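Each chain, letter by letter, is given below.
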Amino acid sequence: MGETVKLQAVLPARPEIIFRIWLSSRQHSDFTGSPATIDDSEGGEFTAWNGYISGRNRILVPGRRIVQSWRTTDFPEDALDSELELLLESFTGGTVFTLIHRNLPEDQVEDYRNGWEELYLLPLKEYLEDYLDAENLH
């Protein structure tokens, strides 16, 4: 373990909105299209993708930063949890969203990079656009 994936995207919503959506069981499930259960408190546990992903919220700085211990059922049994860090920086017209996923199994790095892009960033951007239209939050 020890590999890192770093991705960055500009998302069309304020950091507080993205922070809240990421940590909401219902909204996380809605934007990914798969069941998630999330205790949105610091130290709270979460699962996503119907239990494929699990972890704990280690650091929560509202509207700015989320750090989670994170693993999937594909991790080797003796592997330590990885660390997911999300940074949210206000930007004209939205948020610069930086995702840093550390301590991944070396042979799984490209799978996680693709998964983050295809199963999280693209659906989140689409969800936010629809959400903002529905709530008139542009």
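Residues numbered from 1 in each chain as written. Predicted model: local features only at pLDDT ≥ 70, side-chain atom pairs only at ≥ 80, totals over all residues. Heavy atoms only, no water.

Colleague: I would appreciate a short explanation of the packing of aromatic side chains in the present structure.
Modeller: Taken as a whole and judged by the stated rule, the model has 13 aromatic pairs. Aromatic side chains Trp22 and Phe97 sit 5.9 Å apart centroid to centroid with 40 degrees between the ring planes, which places their arrangement in the tilted category. Pair noted here: Trp22 is in helix 1 (residues 15-22) and Phe97 is in strand 7 (residues 94-104), with a separation of 75 residues, a long-range link. Ring geometry for Phe31 against Tyr127: centres 6.1 Å apart, planes inclined by 50 degrees, an arrangement best described as tilted. Here Phe31, found in helix 2 (residues 25-32), pairs with Tyr127, found in helix 3 (residues 109-135); they are 96 residues apart in sequence, far enough to count as distant. Classification of Phe31 as buried rests on a relative accessible area of 5%. (Phe/Tyr/Trp six-rings, centres within 6.5 Å; stacked < 30°, edge-to-face > 60°. Helix = DSSP H or I, 4+ residues; strand = E, 2+ residues; numbered from the N terminus. Buried < 20%, exposed > 50% of the residue type's maximum accessible area, 1.4 Å probe, protein only.)

Colleague: Quick question: what am I supposed to make of the pairing of strand 7 here?
Modeller: For a regular strand, the rule is simple: side chains alternate between the two faces of the sheet. Within strand 7, nine of the 11 residues are buried, which leaves it mostly tucked inside the rest of the structure. Alignment of strand 1 (residues 3-11) against strand 7, held across eight bridges, turns out to be antiparallel. Residue Ala9 lies in a different strand from strand 7, and its bridge partner there is Phe97. As defined by bridge partners, strand 6 (residues 82-91) adjoins strand 7 across nine bridges and the pair is classed as antiparallel. Across the sheet, residue Leu84 finds its bridge partner in strand 7, namely His101. Joining the antiparallel neighbours strand 6 and strand 7 is a turn of two residues, in which Gly93 adopts a positive phi near 85 degrees. (Pairing = 2+ DSSP bridges.)

Colleague: What should I look at first to understand unusual backbone geometry in this one?
Modeller: Excluding glycine, a negative phi dihedral is what most residues carry, and trans is how most peptide bonds are arranged. For Trp49, which is not glycine, the phi torsion reads 55 degrees and is therefore positive. Structurally, the position occupied by Trp49 is in the loop between strand 3 (45-48) and strand 4 (53-61). Although it is not a glycine, Asn103 sits at a positive phi angle of roughly 65 degrees. Mapped onto the secondary structure, Asn103 falls in strand 7. Residue classification places Asn103 among the partly exposed positions, given a relative accessible area of 36%.

Colleague: I would appreciate a short explanation of helix 1 in the present structure.
Modeller: In an α-helix there are 3.6 residues to a turn, and that puts residues three or four apart on one side. By the criterion of burial, helix 1 is predominantly enclosed, with six of the eight residues buried. Looking at helix 1, one finds that the buried residues are Pro15, Ile17, Ile18, Phe19, Ile21 and Trp22.

Colleague: Got a minute to help me understand the environment of His101 in this structure?
Modeller: Along the chain, His101 turns up in strand 7. Judged by its relative accessible area of 0%, His101 falls in the buried class. Along the primary structure His101 and Arg20 are separated by 81 residues, whereas in three dimensions their C-alpha atoms are 20 Å apart. For His101, the contacting residues outside a window of four places in its chain are Glu3, Thr4, Val5, Trp70, Ser82, Glu83, Leu84 and Trp116. Within the local environment of His101, its side chain forms a polar contact with the side chain of Trp116, the two groups lying 3.0 Å apart. (Contact = heavy atoms within 4.5 Å. Polar contact = N/O pair within 3.5 Å; in protein donor to acceptor, adjacent residues only side chain to side chain.)

Colleague: Whenever I open this one, the pairing of strand 3 confuses me. Can you help?
Modeller: Alternating residues of strand 3 divide into Phe46 and Ala48, all buried, and Glu45 and Thr47, none buried. As paired strands, strand 2 (residues 37-38) and strand 3 are joined by two bridges and run antiparallel to one another. Each bridged residue has a counterpart across the sheet, and for Ile38 the counterpart in strand 3 is Phe46. Taken together, strand 2 and the strand that follows it, strand 3, pair antiparallel across an intervening segment of six residues, in which Gly43 is found at a positive phi of about 95 degrees. Two successive antiparallel strands, strand 3 and strand 4, enclose a turn made up of four residues, where Trp49 displays a positive phi of approximately 55 degrees.

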